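Chain by chain, the residues run as shown.
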Amino acid sequence: MIYERRASPLHAARAAVASAWCVVLAGVSLSFEHPLVLLALLAAVIAAAAGARVADRVLLALAFTLPFAVVISLINPIVMREGLTVIARFGTVPVLGELDVTAEATAYGGVLALRALVVIGCFALHSAAVDPDDLLRAFRRVSFRSALTAALATRMVPVLARDARRLHDAQRCLAGAPAPRRAVVRAVAAGALDRAVDVAATLEVRGYGAARRAPRGGGRPWSRHDLAFAASAVGLSLIGAAAYAGDWEAFEAYPTFSAPVDARLLGLSAVLALCALLPFADRRGVGR
Amino acid sequence: MSAALLLDRVSYRYPGAATPALRDVDLRVAPGEFVVLAGGSGSGKSTLLRAASGLVPHFHGGEFTGRLESGGLDTRTHEPAQIAAVAGTLFQDPETQVVMGTVRAELAFPLENRGLGAAAVARGVEEAALALGIAPLLDRSTHALSGGELQRVALGAALAGRPRVALLDEPTSQLDPVAGDELLGVLRRLNEEWGTAVILAEHRLERCLSAADRVVALHDGAIVCDADPCGFLDWASVHAPELQTPGARLFSLAGRRPLPVSVKDARRTLAADDAGRLDLAMRGQGAREPSGRRRRRRARVEPALAFSSLWLEQKGGATVLRGVDLAVAAGERIALMGRNGAGKSTLLRVAAGLVDPTRGKVQRRGRVALLLQNPGDYTLRDRVGEELPAGALAAAGLEQLADRHPRDLSGGERQRLALAIVLHGERPAVVCLDEPTRGMDRRHKDALTALLNGLADDGTAVIVATHDAEFAAAFAARTVLLGDGRPVADAPTADVLAGGWYFATQTARILGGAALLPEDGAALLRREVVVA
């Protein structure tokens, strides 16, 4: 997934803040287990993607994740021995031993799958809406060598992808059967060193590393979107921490599955989604 | 003030190389000078630029002797990243020269690397973008740019820090004539207004000679000529005819002097010599075909390749081809010309079946072989001998290279190998080539022209997408000019290339379209003298 600047509040926020907001959103989903809260967070992620005008990309990433989510939901009841409501008995299975599938483990498998979807959705949103160059710049101040490696690696990915596409096209131009895919992959890999040398030479002649300490981004004033997403991230963190500490969701997976829905839980879900989405309401100054 | 570039008895040998790439080079470039490096492939132009940027020897290793100062910094004691502050460098391949995700970040990158503050970086980005005419691209993703756009962005990044010296290795090789002229205009302005010394390696000298203060010619790594453009042309007419510009070749063959640096010089000389007679005579001549070509009548036989009402509309993107109707007869030689993004490469890809049109029909009377822009893409193995059977290698005259690695071949050899690979197997009805002369010197171009003429003489239709008007004039009998995804001109090459401003040969511009090639133009000039 390639970053592309679009006219949205999330794109308009500075990369460090936008990145932190995405990470906090993913982190909050890891601190909740109630399906209703997770569904609210998933809806918030999709709505945020729409607000950032990258819904197509995030939905595509979620569609690719769906099979993995199904696998997670199927594996959990096989490996978990918890739960009182047995819904299927498979007897003794090699390696696994006595295999009884319980309703609780099956339901919790669904919860884990839902959580995985929220986390993947957050990182897809991160990839599509957070400027990697800005982020790299921020990292460069922390670790020069890591940023150099990251710069080289991030540039090499599209270069090698283009090489592979070109080689594949060239093979299609030949009479007879084209070379097998592994031959193309081998040729791209063999050329990767040459390409890396070219890219590294470019980094050199652009002066990378001349100023050992990169300048601080200093001077760039905080925009309304920087402030809004920073406030949202802080709000999400506080709500998440409070709900976790106060056990507001009252969720139990084992021994019996309990996910009560009451006004407090509905309120928590609504507040979390609202807190995540409020920064998208202000669309002033989202272009460049 | 110290020299912008100073080489004092510089010699250099790449690691493992048998012969040196630079030999005892002495060169001094003054601040604000515009120097063009001339020479055939492998003459040492690129190595000299890499040495000036400090990559030789710091990055490439090898044996380096002598002293080189770039922007006043000794390359023996300063690393390339430090030299980057005073010397902006641009290489040939734009794809590996863009390292950031957006154009804005790319232009900011060298400024940030110099430790400039945010305000200075922002200002530098804006100024470089305006100077290079890439302000509308600032927020575009670099992954989405065309080759020509990438080249301009890379040039912007090289010049963003307003270096004392700009080191440019064939910056116009990816560009159409319009964009190439624009870029050279920008370089000239930077040179004149900012005082930036420019050192430009270029094969198509006719493009840049008029901007140059000096021309330095290299051969086998040594300087063989260092003179002003007029002096260089005089030297080349005797010692290196393959380096002559078409205008100078026209004058040499016609026995006229002085040899012209620009079209304007040539016209002025002709006007003075012939007091207007020539102009009147030429108007009567009209456009003619290149020598040795017979105009082919569009025979009513089934074409080797035909497009009818061909459209290509990208999903969620631009319309690349708009209702193209085109028929190609067996044995025809066609040049496909047009600006970057006009649809030339896409049309060839549709012809070869790599891309399906969204509407319209493609009729092929046999296989369509396509040689894409990078011949290296056709070689997947470790030995040339493994790419083709011995017989096919011998037929292509490459049998002596069988044990070499394809990456170790020269540009011309690699292209011949790629063409042999493409032609191997079922005999193609049509051969398409996409920008085959990019970065090629005249000797290799002449060899390619002969090879393609041989194919056409055997009945294979040949279509070449090119920006190189001189090559098109030498090779093609018919030229199709694409504009905005459709043919805007489709006529004998003599008609298309004689009347254009940008898509015209230098000879045609000098002679008002009366001839395309120096040989034909010289014959015309000699005839006029005899008549007079």
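(A) Broad picture of the overall build of chain B. The helix and strand inventory of chain B stands at 21 helices and 19 strands. For 532 residues, the compact-globule estimate of 2.2 N^0.38 gives 24 Å, and chain B sits close to it at 24 Å. With the C-alpha coordinates aligned to their principal axes, the bounding extent of chain B is approximately 70 × 60 × 50 Å. Across the 532 residues of chain B, 55% fall into the buried class. Within chain B, contacts between residues at least 6 apart in sequence are counted, and of these 68% link residues at least 24 apart.

(B) Region of the structure containing the domain arrangement of chain B. Residue and element names in this part refer to chain B. Segmenting chain B into domains produces domain 1 (5-244) and domain 2 (305-366 + 426-519). One C-alpha centre belongs to domain 1, the other to domain 2, and the line joining them spans 31 Å. Of all the elements, helix H7 (residues 177-194) adds the most residues to the side of domain 1 that touches domain 2, at three residues. Broken down by class, the residue content of the side of domain 1 that touches domain 2 amounts to four nonpolar, seven polar and four charged.

(C) Quick look at the nonpolar core. Core analysis: the largest hydrophobic core is formed by 184 residues, its most contacted members being Ile199(B) and Leu497(B). Once residues lying within four places of it in the same chain are set aside, the contact partners of Leu497(B) are Ala469(B), Ala472(B), Ala473(B), Thr479(B), Phe503(B), Ala504(B), Thr505(B), Ala508(B) and Leu516(B). By size, the runner-up hydrophobic cluster in this structure holds 59 residues, among which are Val37(A), Leu125(A), Val130(A) and Leu236(A).

(D) Geometry of the interface of chain A and chain B. Contacts between the two partners involve 46 residues from chain A, matched on the other side by 47 residues from chain B. Counting residues per element, the ones that place at least two in the side of chain A that touches chain B are helix H6 (132-142), helix H7 (144-172) and helix H8 (181-205) of chain A. When residues of the side of chain A that touches chain B are assigned to their parent elements, the largest contribution, eleven residues, is made by H8(A). In terms of residue class, the side of chain A that touches chain B is made up of 24 nonpolar, seven polar and 15 charged.

(E) Spotlight on the confidence of the model for chain A. Summary statistics for chain A give a mean pLDDT of 87 and a share of 92% for residues scoring 70 or more. Per-element confidence in chain A ranges from a low mean pLDDT of 75 for H6(A) to a high of 96 for helix H3 (residues 35-51) of chain A.

About the criteria used
- Residues numbered from 1 in each chain as written.
- Chains lettered and ligands numbered in written order.
- Predicted model: local features only at pLDDT ≥ 70, side-chain atom pairs only at ≥ 80, totals over all residues.
- Helix = DSSP H or I, 4+ residues; strand = E, 2+ residues; numbered from the N terminus.
- Rg over C-alpha atoms; globule rule 2.2 N^0.38 Å.
- Buried ≥ 20, exposed ≤ 12 C-beta atoms within 10 Å, placed from the backbone.
- Contact = placed C-beta atoms within 7 Å.
- Domains from an automatic or database assignment.
- Nonpolar A, V, L, I, M, F, W, Y, C, P; charged D, E, K, R; others polar.
- Core = buried A, V, L, I, M, F, W, Y, C linked by C-beta atoms within 7 Å.
- pLDDT = per-residue confidence, 0-100.

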